[in-house]
Amino acid sequence: MASVHESLYFNPMMTNGVVHANVFGIKDWVTPYKIAVLVLLNEMGRTGEGAVSLLERRRLNQLLLPLLQGPDIPLSKLYKLIEESCPQLANSVQIRIKLMAEGELKDMEQFFDDLSDSFSGTEPEVHKTSVVGLFLRHMILAYSKLSFSQVFKLYTALQQYFQNGEKKTVEDTDMELLNREEGGRKMEKEELDVSVREEEVSCSGPLSQKQAEVFLSQQASLLKNDETKALTPASLQKELNNLLKFNPDFAEAHYLSYLNNLRVQDVFSSTHSLLHYFDRLILTGAESKSNGEEGYGRSLRYAALNLAALHCRFGHYGAGATVLAMTSGDCFSLQSWLYVLGQKRSDSCVLLEHSVKKAVHFGLPYLASLGIQSLVQQRAFAGKTANKLMDALKDSDLLHWKHSLSELIDISIAQKTAIWRLYGRRLSPQDQGCFAAASEVLKHLKERFPPNSQHAQLWMLCDQKIQFDRAMNDGKYHLADSLVAGITALNSIEGVYRKAVVLQAQNQMSEAHKLFQKLLIHCQKMKNTEMVISVLLSVAELYWRSSSPTVALPVLLQALALSKEYRLQYLASETVLHLAFAQLILGIPEQALSLLHMAIEPILADGAVLDKGRAMFLVAKCQVASAASYDPAKKAEALEAAIENLNEAKSYFTKVDCKEQIRDVVYFQARLYHALGQTQERNRCAMLFRQLHQELPSHGVPLINHL
C-alpha cells in the first residue's frame, strides 16, 4: 500500500522548489480502508429503520466520526468496532467487502457508480454538506481522477487488505479459543501485542490532510495532559517520519517532532525539529496570510521565544538569555520566560516583581500567577519567612479560583509542599520509614510518568536515593556504592555527595575529604545553600571521626549561621545536634544536654525517623556521661532513664531497618545493664550485638563515638 500511495497520490505543487499550495497534493484519496468505510455507510443507508435499533443507530453514529477522521486501520479491527455497535450490520459489511474483493474489478467500479445515488431524489439519504456527504463526495471525486492503471493497483491493494483482514480474523478466533482454555491471563497480553503491531501497520501509507491534522492534534493533547496514553517516543517518531516523508513541509508535524524529542532529552533533534517548524511556517506564508506582513515578524519572535525555552529546558541559561535579547515587541511572552532565564542573576527578584506588576496591569492572570509562584520560590531560597510566602501563595490561589486556572492550582499545591519541606516539615513516607507506602507512591509515579516522559527523572532519582539510604542503613556499602553512578547520571551534585558519604563510611577519610571540599566550593558558587550545609555537617563528622573534634566546631558554627540566615529550621536543629555531640566528645556533657533540649523538639515533631533515633541515642549518651559524677542512687536512676531513651532510639532505627545503629544501641545497652548488675538483660543485648557485629562490617571506629 505504501508504494501505491507514493507513486499515485502525492503530488505537491511546487515552483522553483518552493511549495506554494497544499503540501498534501490533494486533500483526500481512496484507500482500501476508506472503501470499507464507504461500504459501511452504504449499508447503513440501505438498512431500514426497523432493522437497526435506536441504541445501535446511536452507537454507529458515534463511531463514524473517528472512522472518517482517524488513520487507516486493519480490516479485522474495523469489523470488531462495527460488531460492537451493531452485529447485524457488521455481518452485512463483511459479506459486501468479501464479494467485492473476491469478484472482479468491475464490481468495485459499479460500487462507486452507485455511490452517487445517495444524493439523488427529493429526500436523499445523505446531505451533500454533511460530514458524511463531504466524505462521500471527496471519495467519488478522488476515484474519478484515477487512471485505469491506478484503479487496477487500488483494486489489487483492496484484495490484499481483505486477505490480511481474513487472516487476522482467523488468528483472533484461534486465540480466543485458546484464551478460554487457559483462563484468560495469557490472552490479554497477546491481544495487547497484536494491537500494537496493528497500529504500526495502520499508518504505513500517507495520511490525508484531515487524518494528519486529527492525528497530530490528538498526540499533542495527550503529550500535554496524559503522556502515558500517547504513543511511545519511538513509535510516534516513526509515524512522524512516515508523515514527513510524504509531506516534508508539514510544519505542525515538525513541531510535534520537537515535543517528542523533548521527552527523551534529545537536544540536537529537538533544536533541529523546532527550526524546521518555523522555517516551514514562514515558507508556506501561513502567518502572513492571516496577520498581514506583521505575521513574518511574529513568527520570528515566537521562534526565538521557543528556542529560548528549549535552551532553558536543558539548562543553557546563557544561550537562552542571548536569544531573548534578540526579541522585541512581545513583552508578555518575554515575561513568561524571563524569571527562568534570570535565575542566576542577582536582580532576578526585581525582574520578577516588575513582571508581575505588568501582568496584573494588562489583565493577564495566568502570567501574574506564574510570576507570583516564581517569586515565592526565589524568596524561599533567599531565606524569607514562611508566613509571608504562604500569604503570597494565597493571593495566587485567589487568581486560580477566580479565573479557573486548574493547572496552576496543582502547581501551587506542589509549591506549598516543597516550601514546608524546605523549612523542616519532613513527613514523607520515605522519611518516616514507611517503605511499603513509598513503594506504592513510586509505583503510581512510574505508571503516570513513564521513564521516557518529561518528569520521570524526579521519581527515578527519588527511587535511587531510597535504595541508597536503605543500603547505607543496612551497612551494605558496596551496594550503596554501585548506586552512586545512577544517582550521578540524574543529579551530579547528589551523586558526588553520596560518593563522598560512602567513602567516609568505608573509613577512606582523605578521599572523602577531597570530594567534600570540591563539592563545597561548587555549591557555594551555585548558591545551593541546603547542600552547602549538608556538606559542612558531613565534613564536621569526618573531623571528629578522625579524632579532631575541635576542628569541627568552626565548621558547625558556619553551618548553623547559614541555617539561621536562610531560616532552614530542620537543618539548624541537625546542626545543633552535631554541636552537642562535639561538646560531648570534648567532655562537657552538661552543655551538650542543654543544647539538645533546644533542638530536639523540631526533630521529634517533624523529623525523619532516622534523625529521631540519632537524637534519642545522643540524649542517652549525654545522660550517661553527665551521671559520672552523681552519687550511686542518682546515677542508677540516670542510667535507667538512658536505657529508656535507648529503647526509643532502637525502635526508630528498627523502623528504618538501620542495623548499624541498632548494633551501636544494643552495645551501649549491654554496657549500661552490666553497670546496673542486670545480668540477664546484659546477656540478651550482648547476644544481639554479637549477631549484628558478625553480620555487619567493622571499620575500626569506636562504636560509642558515633552520633
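Please read these numbers as outputs of a predicted model, since none were measured by experiment.

Novice: Could you give me a rundown of the overall build of the protein chain, with the residues and numbers involved?
Specialist: Scanning the protein chain from terminus to terminus reveals 34 helices and 2 strands. Expressed as a percentage of its 707 residues, the buried residues of the protein chain come to 47%. Of the roughly 36,200 Å² of accessible surface on the protein chain, 55% is carried by carbon and sulfur atoms.

Novice: I'd love a proper account of the side chain of Asp-249, names of residues and values included.
Specialist: Within the secondary structure layout, Asp-249 lies in the loop between helix H11 (233-246) and helix H12 (251-263). When its relative accessible area of 13% is taken as the criterion, Asp-249 is described as buried. A polar contact is formed between the side chain of Asp-249 and the side chain of Arg-280, at a distance of 3.0 Å.

Novice: Give a description of the pattern of salt bridges that names residues and reports values.
Specialist: Tallied over the full model, the rule gives 21 salt bridges. As a salt-bridge pair, Arg-96 and Glu-43 come within 2.5 Å of each other at their nearest N and O atoms. Here Arg-96, found in helix H5 (residues 87-102), pairs with Glu-43, found in helix H2 (residues 32-46); they are 53 residues apart in sequence, far enough to count as distant. As a salt-bridge pair, Lys-659 and Glu-695 come within 2.9 Å of each other at their nearest N and O atoms. On the criterion of sequence distance, the pair formed by Lys-659 in helix H33 (residues 659-676) and Glu-695 in helix H34 (residues 679-695) is long-range, its members being 36 residues apart. A single network of salt bridges, built from pairs that share partners, joins Lys-465, Asp-469, Glu-494 and Arg-498.

Novice: Mind laying out the packing of aromatic side chains, listing which residues take part and the relevant values?
Specialist: Under the defined criterion, the tally for this structure stands at 9 aromatic pairs. Judged by centre distance (3.9 Å) and plane angle (0°), the ring pair of Phe-112 and Tyr-143 falls under stacked. Remark: Tyr-143 occurs in helix H7 (residues 131-144) and Phe-112 occurs in helix H6 (residues 105-115); sequence separation between them is 31 residues. Neither residue differs from the other here; Phe-112 and Tyr-143 are each classed as buried. Here the aromatic rings of Tyr-667 and Phe-689 are separated by 5.3 Å at their centres, their planes lie at 45°, and the arrangement is tilted. Of this pair, Tyr-667 sits in helix H33 while Phe-689 sits in helix H34, placing them 22 residues apart in sequence. One Lys or Arg, Arg-448, reaches over the ring of Phe-449 and ends 5.2 Å from the middle of that ring. Residue placement shows Lys-621 over the ring face of Phe-617; its charged tip is 4.3 Å from the ring centre.

Novice: Quick one: what's the story with helix H21 (residues 406-422), residue by residue and with numbers?
Specialist: In this model, H21 (17 residues) spans 25 Å end to end at C-alpha, consistent with the 24 Å of a helix rising 1.5 Å per residue. Where H21 is concerned, the buried positions are Leu-408, Ile-409, Ser-412, Gln-415, Ile-419 and Leu-422. Across the axial projection of H21, the buried residues extend over an arc of 145°, all falling on one side. In H21, the exposed positions angled more than 90 degrees off the buried face are occupied by Ser-406, Asp-410 and Thr-417. On its buried face, H21 sits against helix H19 (365-381), helix H20 (386-403) and helix H27 (529-545). Gly-424, located one to two residues past H21, shows a positive phi value of around 120°.

Novice: Describe the environment of Ala-572, listing the residues and the values that go with them.
Specialist: By the element assignment, Ala-572 lies in helix H29 (residues 569-585). For Ala-572, a relative accessible area of 8% translates into the label buried. Sequence-distant contacts of Ala-572, defined by excluding residues within four places in its chain, comprise Leu-560 and Ser-563.

Novice: Could you give an account of the packing of helix H25 (residues 492-505) against helix H26 (residues 509-526), with specific residues and numbers?
Specialist: Orientation of H25 relative to H26, taken along the N-to-C sense of each, is 155°, at an axis distance of 8 Å. Judged on the interaxial angle alone, H26 and H25 are roughly antiparallel. For the pair H25 and H26, the crossing hand works out as left-handed. Residues Ile-493, Val-496, Tyr-497, Lys-499, Ala-500, Val-501, Leu-503 and Gln-504 of H25 form the contact with H26, whose own contacting residues are Met-509, Glu-511, Ala-512, Leu-515, Phe-516, Leu-519, His-522 and Cys-523.

Novice: Can you break down the packing of H19 against H21 residue by residue, with the values?
Specialist: For the pair H19 and H21, interaxial distance at closest approach is 11 Å and the crossing angle is 10°. Between H19 and H21, the angle is such that the two are roughly parallel. Along its contact with H19, which presents Tyr-366, Ser-369, Leu-370, Gln-373, Val-376, Gln-377 and Ala-380, the element H21 presents Glu-407, Leu-408, Ile-411, Ser-412, Gln-415, Ile-419 and Leu-422. Its residues placed into classes, the contact of H19 with H21 shows 8 nonpolar, 5 polar and 1 charged.

Novice: Residues and numbers for a negative patch on the surface, please.
Specialist: A contiguous patch of negative charge, built from Asp-113, Asp-114, Asp-117 and Glu-125, is present on the exposed surface. Along the chain, Asp-113 turns up in helix H6.

Novice: Quick rundown of unusual backbone geometry? Include the residues and the values.
Specialist: Negative phi characterises most residues that are not glycine, and trans characterises most peptide bonds. Of note, the phi angle at Gln-265 is positive, near 60°, even though the residue is not glycine. As for its placement among the helices and strands, Gln-265 is situated in the loop between H12 and helix H13 (267-283). Gln-265 sits in the partly exposed class, given a relative accessible area of 32%. Positive phi outside glycine occurs at Lys-527, with the angle close to 60°. Along the chain, the position of Lys-527 falls in the loop between H26 and H27. Overall, the relative accessible area of 69% leaves Lys-527 in the exposed class.

Novice: Lay out the side chain of Ser-538 with the relevant residues and their values.
Specialist: With respect to the helices and strands, Ser-538 occurs in helix H27. Within the structure, Ser-538 has its side chain in polar contact with the side chain of Tyr-497 (distance 3.2 Å). Apart from residues no more than four positions distant in its own chain, Ser-538 is found in contact with Tyr-497, Gln-504 and Phe-516.

Novice: Outline the confidence of the model for the protein chain, supporting the account with residue identities and numerical values.
Specialist: Low pLDDT means the predicted atomic positions in that stretch should not be read closely. Mean pLDDT over the protein chain stands at 82; residues scoring 70 or higher make up 83%. Across the protein chain, the secondary-structure element scoring lowest on mean pLDDT is strand S2 (residues 18-19), at 28, and the one scoring highest is H25, at 95. In the model, residues 1-26 has pLDDT below 50 throughout and makes 51 contacts with residues more than four positions away in sequence or in other chains. Contacts from residues 700-707, a stretch scored under 50 in pLDDT, to residues over four places away or in other chains number 25 contacts.

Novice: Tell me about helix H24 (residues 477-490), and name the residues and values.
Specialist: In a regular helix each residue adds 1.5 Å, so 14 residues correspond to 20 Å; H24 covers 20 Å between its end C-alpha atoms and thus fits that length. Taken as a whole, H24 carries its principal kink of about 25° at Val-484. Within the sequence span of H24, burial applies to Tyr-477, Ala-480, Leu-483, Val-484 and Ile-487. If you follow the buried residues of H24, they end up packed against helix H23 (456-473), H25 and H33.

Novice: Report on the nonpolar core, specifying residues and quantitative values.
Specialist: Soluble globular proteins: nonpolar side chains tend toward being buried together. Core analysis: the biggest nonpolar cluster contains 91 residues, and Phe-516, Val-535, Leu-596, Leu-618, Phe-653 and Leu-672 have the highest contact counts within it. Sorting elements by how many residues they give to this core places H27 first, with 11 residues. Sequence-distant contacts of Leu-672, defined by excluding residues within four places in its chain, comprise Val-624, Leu-639, Ala-642, Ile-643 and Leu-646. One finds Leu-136, Ala-142, Tyr-161 and Phe-162 within the second-largest nonpolar core, a separate group that totals 49 residues.

Novice: How would you sum up the environment of Ala-418? Please name residues and give values.
Specialist: Along the polypeptide, Ala-418 turns up in helix H21. Spatially, the C-alpha atom of Ala-418 lies 9.8 Å from that of Ala-380, the residues being 38 residues apart in sequence.

What counts and what doesn't
Residues numbered from 1 in each chain as written. Predicted model: local features only at pLDDT ≥ 70, side-chain atom pairs only at ≥ 80, totals over all residues. Heavy atoms only, no water. Helix = DSSP H or I, 4+ residues; strand = E, 2+ residues; numbered from the N terminus. Buried < 20%, exposed > 50% of the residue type's maximum accessible area, 1.4 Å probe, protein only. Areas by Shrake-Rupley, 256 points an atom, 1.4 Å probe, with all protein chains shown as cover. Polar contact = N/O pair within 3.5 Å; in protein donor to acceptor, adjacent residues only side chain to side chain. Salt bridge = Lys/Arg side-chain N within 4 Å of Asp/Glu carboxyl O. Phe/Tyr/Trp six-rings, centres within 6.5 Å; stacked < 30°, edge-to-face > 60°. Lys NZ or Arg CZ within 6 Å of the ring centre and 35° of its normal. Expected span 1.5 Å × (residues − 1). Arc of directions from axis to C-beta. Contact = heavy atoms within 4.5 Å. Axes fitted to C-alpha atoms, helices over the stretch in contact; angles between N-to-C directions. Parallel < 35°, antiparallel > 145°, perpendicular 65-115°, else oblique. Left-handed = near helix turned anticlockwise from the far one by under 90°. Nonpolar A, V, L, I, M, F, W, Y, C, P; charged D, E, K, R; others polar. Patch = residues over 30% accessible without salt bridge, like charges linked within 9 Å, V, L, I, M, F, W, Y side chains within 5 Å. Lys, Arg positive; Asp, Glu negative; His and termini not counted. Charge placed at Lys NZ, Arg CZ, Asp CG, Glu CD. pLDDT = per-residue confidence, 0-100. Bend = angle between axes of the 7 residues up to and from the residue. Core = buried A, V, L, I, M, F, W, Y, C linked by side-chain atoms within 4.5 Å.

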